[in-house]
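Spelled out, the chains give:
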Amino acid sequence: MKKTLLAATALAALAMPAFAERYVMITHTQGTDPFWPVVEKGGKDAAAAVGAELEYNYDASGDMAGMAKLIEAAAATQPDGIIVSLPDADALGGAIKGAVDAGIPVITINSGLEASKEVGALMHIGQPEKLAGTAAGERAKAEGVSKGLCLNQEAYNTALADRCQGYFDGLGQELNMIDVSNDVAQIKTRTAAALQADESIDGLLATGPHVCEAAAEAVAEVGADVHLSCFDMSPGVINLINDGAVQYTIDQQQRLQGYLPVIFLHLYNTNAGMLPGANVPSGPGFVDASNASSVSEQAGVNR
């Protein structure tokens with residue numbers, strides 16, 4: 001009987017996946033943004049490719065203190081690496097530095113390019129946000145926008161503030177930004193109210209795909225003639241571009257933000273510190289009526 005149990009235990013052990021490495025990815029979100037499942041998918045695809053385990057976590061409240069606690073909890077388990085977005089370096093920097101001091105390699109993604117090195121990360125993978133916003137603003141100006149408004153769903157997020165500031169730098173105007181929250185109903189209500197309060201606004205920048213979709217509804221409801229441009233993709237955003245309701249969106253190829261850090265940490269851990277010599281910009285790129293159909297099947301899946 002004892003031999004039978006030992007044999008069964010051995011077979012069960014063989015049947016279970018043996019992960020050589022374990023990585024933890026922690027991002028900021030309230031669970032309502034369609035952007036992050038693509039990042040998570042990229043990370044898990046990369047982990048499968050190198051035979052590693054990936055844990056993905058976020059604080060459902062979107063609270064930075066909660067996110068910092070997730071980073072601290074992850075570091076306490078001594079993973080082979082941590083991948084973390086950095087929307088608020090003041091709130092998250094201490095937890096990230098603590099992980100680095102504990103000997104855990106960290107790569108930042110998405111938000112926090114300017115603060116990544118300061119908090120001790122090996123590198124950053126993401127879009128230069130202000131540059132992307134400036135490109136959006138310059139194009140909006142060329143397409144006739146005379147007065148803009150930026151819709152920011154995360155007031156604490158420095159990356160989104162950079163998108164808005166860049167947009168107005170590109171327009172050659174003073175920053176005009178409102179907090180619309182992450183709640184779709186509030187986004188629609190606050191956007192409609194802003195357009196009704198100032199009928200001279202003829203350009204909107206939505207800093208997220210769900211914001212873009214809700215803003216398009218608000219524009220239609222108010223009956224305004226507004227140039228709407230956005231950040232990131234979803235099937236809904238692609239449909240709006242094809243319908244002419246959105247002029248373009250900025251694609252930051254977020255799958256790369258999930259996929260590449262797992263690959264890079266794997267190489268770092270197994271090849272004596274092998275690492276790219278610089279940060280990796282994952283964007284920006286324009287998606288508009290000329291190419292929306294060609295990427296439509298990837299929207300919300302790999303891009």
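Refer to the preceding data block for the structure.
Okay, so let's go over this structure. What you see is a predicted model, and the numbers here were worked out from it, not measured in a lab.

**Description of the sheet that holds strand β11 (residues 280–281)**
Pairing is parallel in the open sheet, where six strands are placed in the order β2-β1-β3-β4-β5-β11. Edge positions in the sheet fall to β2 (53–58) and β11, since each has one partner strand and no second. Sheet topology places strand β4 (residues 106–109) next to strand β5 (residues 123–126); three bridges connect them, and they run parallel. What sits directly across from Ile 107, in β5, is Met 123.

**Some points on the state of the cysteines**
Counted under the stated rule, the structure contains two disulfides. The disulfide that involves Cys 150 links it to Cys 164, with 2.0 Å between the sulfurs. Looking down the S-S bond of the Cys 150 and Cys 164 bridge, the torsion is -65°, so its handedness is left-handed. Residue Cys 150 is located in strand β6 (residues 148–152), and its partner Cys 164 is located in helix α6 (residues 158–171); the two are separated by 14 residues in the primary sequence. Of the two residues examined, Cys 150 and Cys 164, each falls in the buried class. Disulfide pairing is shown between Cys 212 and Cys 230; the S-S distance is 2.1 Å.

**Considering the nonpolar core**
Grouped together as the largest cluster of nonpolar side chains are 28 residues, with contacts concentrated most on Leu 151, Leu 204, Leu 228, Ile 238, Val 246 and Val 287. At the level of elements, β6, α7 (184–197), β8 (203–206), α8 (209–222), β9 (227–231), α9 (235–243) and α11 (292–295) are the ones that each hand at least two residues to this core. What Ile 238 contacts, discounting residues up to four positions off in sequence, is Met 233, Val 287, Ala 292, Val 295, Ser 296 and Ala 299.

What counts and what doesn't
- Residues numbered from 1 in each chain as written.
- Predicted model: local features only at pLDDT ≥ 70, side-chain atom pairs only at ≥ 80, totals over all residues.
- Heavy atoms only, no water.
- Pairing = 2+ DSSP bridges.
- Helix = DSSP H or I, 4+ residues; strand = E, 2+ residues; numbered from the N terminus.
- Disulfide = S-S within 2.5 Å.
- Buried < 20%, exposed > 50% of the residue type's maximum accessible area, 1.4 Å probe, protein only.
- Core = buried A, V, L, I, M, F, W, Y, C linked by side-chain atoms within 4.5 Å.
- Contact = heavy atoms within 4.5 Å.

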